[in-house]
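So you can see what is in the structure, the chains are spelled out below.
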Amino acid sequence: MAAGVTGGAAAHYRALESLYAHAPINQLFDSRLEIVAAGVARIHFNLDRRHFHAAGAVHGTSYFKMLDDAAFYAANSLVTDRFLLTTAFNLLFTRPLREGRVVAEGRWISGQRRVFVSDARLIDAAGEEVARGTGTFMKSRIALAGLDGYGVR
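Numbering of residues starts from 1 in every chain and runs along the sequence as written. Two thresholds apply to this predicted model, a pLDDT of at least 70 for residue-level local features and 80 or more for giving and counting side-chain atom pairs, whereas whole-chain, interface and lining totals are computed over all residues. The basis for every side-chain value is the complete set of heavy atoms in the structure, and neither hydrogens nor water enter the calculation.

> Describe in detail the sheet that holds strand E2 (residues 40-47), supporting the description with residues and values.
Either a parallel or an antiparallel arrangement is found when strands of a sheet pair, and the pairing is made through backbone hydrogen bonds. If you trace the six strands from one edge of the open sheet to the other, you get E1-E2-E4-E5-E6-E3, paired in antiparallel fashion. Each edge of the open sheet carries a strand with a single partner, namely strand E1 (30-37) and strand E3 (82-93). Here the average twist between neighbouring strands, direction ignored, is 25 degrees. The pairing of E3 with strand E6 (residues 129-143) spans ten bridges and is classified as antiparallel. Criterion used throughout: strands pair if DSSP finds at least two bridges between them. To qualify as a helix, a DSSP run of H or I must reach at least 4 residues; to qualify as a strand, a run of E must reach at least 2; elements of each kind are numbered from the N terminus. Between N-to-C directions, angles cover 0 to 180 degrees, with each direction set by a line fitted to C-alpha atoms, over the stretch in contact for helices.

This is the structure:
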(Lines give C-alpha, C1' and ligand atoms only; values in the text may rest on other atoms or scores of the structure.)
Protein backbone atom coordinates (compact mmCIF):
# COMPACT_ATOMS: atom_id res chain seq x y z
CA MET A 1 0.00 0.00 0.00
CA ALA A 2 1.23 3.50 -0.77
CA ALA A 3 2.66 5.33 2.23
CA GLY A 4 0.17 7.65 3.90
CA VAL A 5 -2.88 6.23 2.11
CA THR A 6 -5.39 4.87 4.60
CA GLY A 7 -9.08 4.21 5.12
CA GLY A 8 -11.61 4.71 2.36
CA ALA A 9 -9.10 5.98 -0.18
CA ALA A 10 -6.87 2.93 0.25
CA ALA A 11 -9.86 0.59 -0.01
CA HIS A 12 -10.96 2.31 -3.23
CA TYR A 13 -7.44 2.07 -4.71
CA ARG A 14 -7.18 -1.65 -3.89
CA ALA A 15 -10.68 -2.21 -5.34
CA LEU A 16 -9.62 -0.49 -8.59
CA GLU A 17 -6.48 -2.63 -8.70
CA SER A 18 -8.70 -5.70 -8.33
CA LEU A 19 -11.03 -4.43 -11.07
CA TYR A 20 -8.03 -4.05 -13.40
CA ALA A 21 -6.80 -7.56 -12.61
CA HIS A 22 -10.25 -9.06 -13.28
CA ALA A 23 -10.90 -7.34 -16.63
CA PRO A 24 -10.85 -10.00 -19.38
CA ILE A 25 -8.64 -7.84 -21.68
CA ASN A 26 -5.92 -7.80 -19.04
CA GLN A 27 -5.56 -11.58 -19.25
CA LEU A 28 -3.79 -10.87 -22.56
CA PHE A 29 -1.13 -8.71 -20.88
CA ASP A 30 1.48 -9.47 -18.25
CA SER A 31 0.69 -6.35 -16.23
CA ARG A 32 -0.10 -5.02 -12.78
CA LEU A 33 -1.86 -1.80 -11.72
CA GLU A 34 -0.62 0.22 -8.77
CA ILE A 35 -2.64 3.24 -7.56
CA VAL A 36 0.05 5.34 -5.88
CA ALA A 37 -2.08 8.24 -4.59
CA ALA A 38 -5.15 10.24 -5.53
CA GLY A 39 -4.76 11.05 -9.22
CA VAL A 40 -1.63 8.92 -9.75
CA ALA A 41 -1.51 5.42 -11.25
CA ARG A 42 1.28 3.17 -12.51
CA ILE A 43 0.93 0.07 -14.57
CA HIS A 44 3.87 -2.30 -14.87
CA PHE A 45 3.96 -4.24 -18.16
CA ASN A 46 6.18 -6.97 -19.54
CA LEU A 47 6.20 -6.94 -23.33
CA ASP A 48 7.36 -9.71 -25.62
CA ARG A 49 7.27 -10.64 -29.31
CA ARG A 50 3.49 -11.29 -29.16
CA HIS A 51 3.08 -7.47 -29.04
CA PHE A 52 5.22 -6.81 -32.16
CA HIS A 53 4.18 -5.63 -35.59
CA ALA A 54 5.82 -7.07 -38.73
CA ALA A 55 8.90 -4.81 -38.43
CA GLY A 56 9.87 -6.19 -35.01
CA ALA A 57 8.78 -3.51 -32.54
CA VAL A 58 5.75 -3.13 -30.26
CA HIS A 59 2.53 -2.34 -32.17
CA GLY A 60 0.74 0.95 -31.50
CA THR A 61 -2.29 -0.83 -30.05
CA SER A 62 -0.15 -1.80 -27.05
CA TYR A 63 1.02 1.80 -26.61
CA PHE A 64 -2.60 2.96 -26.60
CA LYS A 65 -3.66 0.28 -24.12
CA MET A 66 -0.89 1.11 -21.67
CA LEU A 67 -1.28 4.89 -21.86
CA ASP A 68 -5.09 4.87 -21.81
CA ASP A 69 -5.21 2.51 -18.81
CA ALA A 70 -2.73 4.56 -16.77
CA ALA A 71 -4.50 7.86 -17.48
CA PHE A 72 -7.92 6.27 -16.90
CA TYR A 73 -7.03 4.80 -13.50
CA ALA A 74 -5.37 8.05 -12.42
CA ALA A 75 -8.70 9.78 -13.06
CA ASN A 76 -10.92 7.00 -11.67
CA SER A 77 -8.91 7.01 -8.44
CA LEU A 78 -10.70 10.31 -7.73
CA VAL A 79 -14.19 8.89 -8.38
CA THR A 80 -15.49 6.36 -5.87
CA ASP A 81 -18.99 5.69 -7.17
CA ARG A 82 -18.92 5.55 -10.98
CA PHE A 83 -16.89 3.97 -13.75
CA LEU A 84 -15.30 6.48 -16.12
CA LEU A 85 -15.34 6.13 -19.91
CA THR A 86 -12.65 7.34 -22.31
CA THR A 87 -14.12 10.00 -24.61
CA ALA A 88 -10.90 11.02 -26.40
CA PHE A 89 -7.23 10.11 -26.33
CA ASN A 90 -4.22 11.61 -28.13
CA LEU A 91 -0.89 9.79 -28.49
CA LEU A 92 2.64 10.89 -29.22
CA PHE A 93 5.13 8.15 -30.14
CA THR A 94 8.75 9.15 -29.57
CA ARG A 95 10.70 5.86 -29.73
CA PRO A 96 10.05 2.27 -30.75
CA LEU A 97 9.58 -0.23 -27.94
CA ARG A 98 11.16 -3.67 -27.89
CA GLU A 99 10.76 -6.60 -25.51
CA GLY A 100 11.05 -5.92 -21.81
CA ARG A 101 9.59 -4.05 -18.90
CA VAL A 102 7.64 -0.84 -19.36
CA VAL A 103 5.93 1.40 -16.84
CA ALA A 104 2.93 3.51 -17.79
CA GLU A 105 2.62 6.45 -15.40
CA GLY A 106 -0.71 8.26 -15.32
CA ARG A 107 -1.53 11.59 -13.65
CA TRP A 108 -4.79 13.45 -13.29
CA ILE A 109 -4.59 17.01 -14.66
CA SER A 110 -8.02 18.60 -14.21
CA GLY A 111 -11.74 18.08 -13.74
CA GLN A 112 -13.58 16.86 -10.69
CA ARG A 113 -17.24 16.71 -11.61
CA ARG A 114 -18.22 15.00 -14.84
CA VAL A 115 -15.22 15.24 -17.20
CA PHE A 116 -11.64 14.49 -16.17
CA VAL A 117 -8.37 15.06 -18.04
CA SER A 118 -5.31 12.90 -17.37
CA ASP A 119 -2.02 12.31 -19.08
CA ALA A 120 0.31 9.34 -19.13
CA ARG A 121 3.80 8.48 -20.27
CA LEU A 122 5.56 5.23 -21.08
CA ILE A 123 8.97 4.63 -19.58
CA ASP A 124 11.11 1.77 -20.93
CA ALA A 125 13.50 -0.44 -18.95
CA ALA A 126 16.36 2.02 -19.56
CA GLY A 127 14.32 4.85 -17.98
CA GLU A 128 13.65 6.59 -21.29
CA GLU A 129 10.27 8.04 -22.20
CA VAL A 130 9.01 6.34 -25.35
CA ALA A 131 5.50 7.78 -25.65
CA ARG A 132 2.96 10.00 -23.98
CA GLY A 133 -0.74 10.61 -24.23
CA THR A 134 -3.57 12.74 -22.91
CA GLY A 135 -7.13 11.59 -22.45
CA THR A 136 -10.52 12.87 -21.43
CA PHE A 137 -12.76 10.67 -19.33
CA MET A 138 -16.43 11.10 -18.46
CA LYS A 139 -18.46 9.72 -15.60
CA SER A 140 -20.81 6.99 -16.75
CA ARG A 141 -24.00 5.64 -15.21
CA ILE A 142 -22.16 2.40 -14.38
CA ALA A 143 -21.75 1.92 -10.64
CA LEU A 144 -18.29 0.70 -9.65
CA ALA A 145 -19.78 -1.39 -6.85
CA GLY A 146 -21.75 -3.44 -9.39
CA LEU A 147 -18.75 -4.45 -11.49
CA ASP A 148 -17.17 -7.91 -11.20
CA GLY A 149 -13.77 -7.56 -9.61
CA TYR A 150 -14.37 -4.21 -7.91
CA GLY A 151 -13.84 -5.18 -4.33
CA VAL A 152 -11.36 -5.21 -1.55
CA ARG A 153 -9.11 -8.28 -1.70
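> Give me the lowdown on the side chain of Ser 62, citing residues and values where you can.
With respect to the secondary-structure elements, Ser 62 resides in helix H2 (residues 60-76). What makes two residues a contact is simply this: any of their non-hydrogen atoms within 4.5 Å. Not counting the four nearest positions on each side in its chain, Ser 62 is found in contact with Phe 29 and His 51.

> How would you sum up helix H1 (residues 7-22)? Please name residues and give values.
Under the 1.5 Å per step criterion, the end-to-end length of H1 is 23 Å for 16 residues, consistent within 8% with the ideal 22 Å. Working definition: with a 1.4 Å probe on protein chains only, accessible area under 20% of the residue-type maximum means buried, over 50% means exposed, and in between means partly exposed. Within H1, burial applies to Ala 10, His 12, Tyr 13, Arg 14, Ala 15, Leu 16, Glu 17, Ser 18, Leu 19 and Tyr 20. Of the surrounding elements, those touching the buried residues of H1 are E1, E2, H2 and E3. One fewer than the residue count of a helix, multiplied by 1.5 Å, yields its expected span.

> Describe the layout of surface pockets, with residues and values.
Method remark: on a 1 Å grid restricted to protein atoms, a set of points is classed as a cavity if a 1.4 Å probe fits but cannot get out and as a pocket if it is open with protein on both sides within 12 Å along at least five of seven lines; lining residues have an atom within 4 Å of a point. Grid points are joined across faces, edges and corners, and a volume is the space filled by probe spheres set on the points. If you add up the space inside the largest pocket, you get close to 210 Å³. For the largest pocket, the lining is made up of 14 residues, of which Ala 23, Asp 69, Phe 72, Tyr 73 and Phe 83 are closest to its centre. Secondary structure elements with two or more residues in the lining of the largest pocket: H1, H2 and E3. Per-element tally for the lining of the largest pocket: the top contributor is H2, with five residues. For the lining of the largest pocket, the residue count by class is nine nonpolar, two polar and three charged. Residues are grouped as follows: Ala, Val, Leu, Ile, Met, Phe, Trp, Tyr, Cys and Pro are nonpolar; Asp, Glu, Lys and Arg are charged; all remaining types, including Gly, are polar.

> A description of the environment of Val 79 should follow, citing residues and the corresponding values.
Here Val 79 shows up in the loop between H2 and E3. Taking the C-alpha atoms as reference points, Val 79 and Arg 113, separated by 34 residues in sequence, lie 9.0 Å from one another. Ignoring anything within four residues of it in the chain, the contact list for Val 79 reads His 12, Leu 84, Phe 116, Lys 139 and Leu 144.

> Any chance you could break down H2 for me, citing the residues and the numbers?
Along its 17 residues, H2 runs 24 Å from first to last C-alpha, staying within 8% of the 24 Å computed at 1.5 Å per residue. In terms of burial, H2 is largely enclosed, as 14 of its 17 residues are buried.

Any functional reading would require information that these geometric values do not contain.
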